[in-house]
Amino acid sequence: MGLFLLAVSMITDGLKQAAGKSLRTILANWTNTPLKGIASGFFMTAIVQSSSAVTVAAIGFVNAGLLNMRQALGIIYGSNIGTTITAWLVAILGFNLNIPAFALPLIGIGMLIKLIRQDGQAASFGLAIVGFGLFFIGIDVLKAAFEGIILTFDISQFTAEGLSGIAMFLLIGIALTVLTQSSSASIALTITAATSGIVGLYAAAAMIIGANVGTTSTAAIATIGATSHAKRVALAQVIFNVGTGVVALFILPLMFLVIKGLSHFLGLSTIPSVTLALFHTAFNVIGVIMVYPLNNRLADFLERRFISRQQKQMLPKYLDKSIAKTPVLAVNAITLELIDVSRRVQALIAQALSSTPMTDQDHHAEINNIQSLLAEVARFTVSLERRSLSDETISQLATLLRINQYLLSCTTLSAGLPDLRTLQMDLEDQEVKTNMETFLKAASHYIQQDYLPDGETPYQNGNPDQAEEDHASDNITIEFKKVHTLHNETKARLLLAGTQNHISIDKMLELIERSENLLTISKQWRKATNNLRRLYRDSGTTHQHLTAIEDLSSSIDSLAHDDGDTHETRSLEEAK
């Protein structure tokens, strides 16, 4: 068994290293649809003889954003079919060849390649060839060992009778795979034992199903402390393998009847090794056929699992598919979403300009969160059906996209604010330091002002208080002009200090550049808030209004699925 496991390890490691860049290229370029994902998952698993290696590679690409969950699911389905190649190798070659005459030359050729090329893909390929030679020798040794066991023990106790017997061999298959961390090794051992007569056909089938379930332990162990994407892909493998195994157990007698007929039709031998290889392939293919139509639903389910705190911060609060069905409501929801984002931008800038800013890591993490959220808002906005929109709604959506861009600009430029604050605090010229402190405080104060009327709702007692709103707008304008004036004064003092050699030219230029960025942030913030305030006022958007939006969206979803009540459908249209 040790020789056999060593061989499996050498095959997997050698072919993974030999495939190298090809594995990454195939998975990255050949998986743009789930069907292509299945094909590439099968092909690569057949080559490297490790579904775990292909699954781990898929996890890496999902983490990198090169694959989405639907594409990764295709790879998982394909890798499960690809791992059946091991069973066919054992069935077709393992018991029908003069093993020493076939395997020993493989070991010699592989080692010769390894000695000639010490490093690189050729050396890895040579190692894999050695592994194949040892693989078949291992099968031969196991076969002889199992035949010796048959002469010593009563094999009747190893037959699978009833549900308890099937369950026992299922657990043996799971345990064997978990211990060896290789379903290929476990299945090869099972087929060898069945061919030697040490276990019955049904018992071996249960063990193969157990191996299919047990192989998920590798991915599960790999996700300890891993990202949410990795956990979702691992859960997908568990769901698929366990689901397929349950179905195969329920229809086990029927499957053997079908396999018997199929073997006769294809002209295959009815020896246990071929029957079990065909069984392993059949139930994995049946599993893919069953789950493929549900691929999108499974992906949606998985994407709602393992959402970290950081990921929650990147998800919209007010946008969903049901609201997108009604553009007028969507405008209100997008407005509220952008208002919520603007609050986060305010907090981000306030922290960056404070005397005790957050750490660089936290600052950049929040920037990434806001940028991702704004990208989601932009995608939602452009996804609305244009043919059903009025000219007014189209104009509002265009304004919302501009606001989105202004907030994105503020967020991106804020990356340099902590450095500006540090440079200001390190200034030795007290006059310039004080002047810049005044400028930073004025900019922070301007951005922190509540730009919405009354802070909560655009109406006072049901009517817009235009005079109060105009007064608030005038105050904000005055604050902005103050920031602009202080920036010009700060720039002039920096130039004077640099001329008088009170600060170095490099530091002067850096301070001027970063101060310009802060002024740009203020300008972009003004454009964003002016447009948001106008939309907020004109649409009458409130958080109470959002509750009504969400309630109506739920009604739309529930009524849309009720085909039997035309009165409710008419009410739905009126509500829209």
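Owing to the predicted nature of the structure, the values given are computational and were not obtained by experimental measurement. (Residues numbered from 1 in each chain as written. Predicted model: local features only at pLDDT ≥ 70, side-chain atom pairs only at ≥ 80, totals over all residues. Heavy atoms only, no water.)

So, unusual backbone geometry
Here is step 1: With a phi angle near 65°, asparagine 501 is a residue other than glycine that sits in the positive phi range.
Here is step 2: Judged by its relative accessible area of 64%, asparagine 501 is exposed. (Buried < 20%, exposed > 50% of the residue type's maximum accessible area, 1.4 Å probe, protein only.)

So, the pattern of salt bridges
Here is step 1: All told, the structure shown has 10 salt bridges when counted by the stated rule.
Here is step 2: The salt bridge partner of arginine 344 is glutamate 366, with a shortest N-O separation of 3.1 Å. A residue pair is termed long-range when its members are at least 10 positions apart, and arginine 344 in helix 19 (residues 327-353) and glutamate 366 in helix 20 (residues 360-383) qualify at 22 residues.
Here is step 3: Linking arginine 379 and glutamate 376 is a salt bridge whose minimum nitrogen-to-oxygen distance equals 2.6 Å. Taken together, the positions of arginine 379 and glutamate 376, both in helix 20 and three residues apart, correspond to about one turn of that helix.
Here is step 4: Several salt bridges converge on common partners, so that one network encompasses Asp419, Glu510 and Arg514. (Salt bridge = Lys/Arg side-chain N within 4 Å of Asp/Glu carboxyl O. Helix = DSSP H or I, 4+ residues; strand = E, 2+ residues; numbered from the N terminus.)

Points about the nonpolar core
Here is step 1: Judged by nonpolar contacts, the single largest core of 63 residues is most densely connected at Ile334 and Leu338.
Here is step 2: Of all elements in the fold, only helix 19, helix 20, helix 21 (391-413), helix 22 (417-425), helix 23 (430-448), helix 24 (466-499) and helix 25 (505-539) reach the threshold of two or more residues within this core.
Here is step 3: Per-element tally for this core: the top contributor is helix 19, with 14 residues.
Here is step 4: Not counting residues within four places of it along the chain, the set of residues in contact with isoleucine 334 comprises Leu319, Val377, Phe380, Thr381, Leu384, Leu397 and Leu400. (Core = buried A, V, L, I, M, F, W, Y, C linked by side-chain atoms within 4.5 Å. Contact = heavy atoms within 4.5 Å.)

A look at the packing of aromatic side chains
Here is step 1: Counted according to the given criterion, the structure contains five aromatic pairs.
Here is step 2: Pairing tyrosine 202 with phenylalanine 256 gives two aromatic rings, centres 4.9 Å apart and planes at 40°, and the pair type is tilted. With tyrosine 202 in helix 11 (residues 201-214) and phenylalanine 256 in helix 14 (residues 252-266), this pair connects stretches of sequence that are 54 residues apart.
Here is step 3: Summarising the aromatic geometry, the rings of phenylalanine 256 and phenylalanine 279 are spaced 5.4 Å apart at their centres and angled 5° between planes, so their arrangement reads as stacked. Residue phenylalanine 256 is located in helix 14, and its partner phenylalanine 279 is located in helix 15 (residues 272-291); the two are separated by 23 residues in the primary sequence.
Here is step 4: Residue phenylalanine 256 is classed as buried on the basis of its relative accessible area of 9%.
Here is step 5: You can call phenylalanine 279 buried: its relative accessible area is 0%.
Here is step 6: Among the aromatic side chains, those forming a connected cluster through ring pairs are Tyr202, Phe256, Phe279 and Phe283. (Phe/Tyr/Trp six-rings, centres within 6.5 Å; stacked < 30°, edge-to-face > 60°.)

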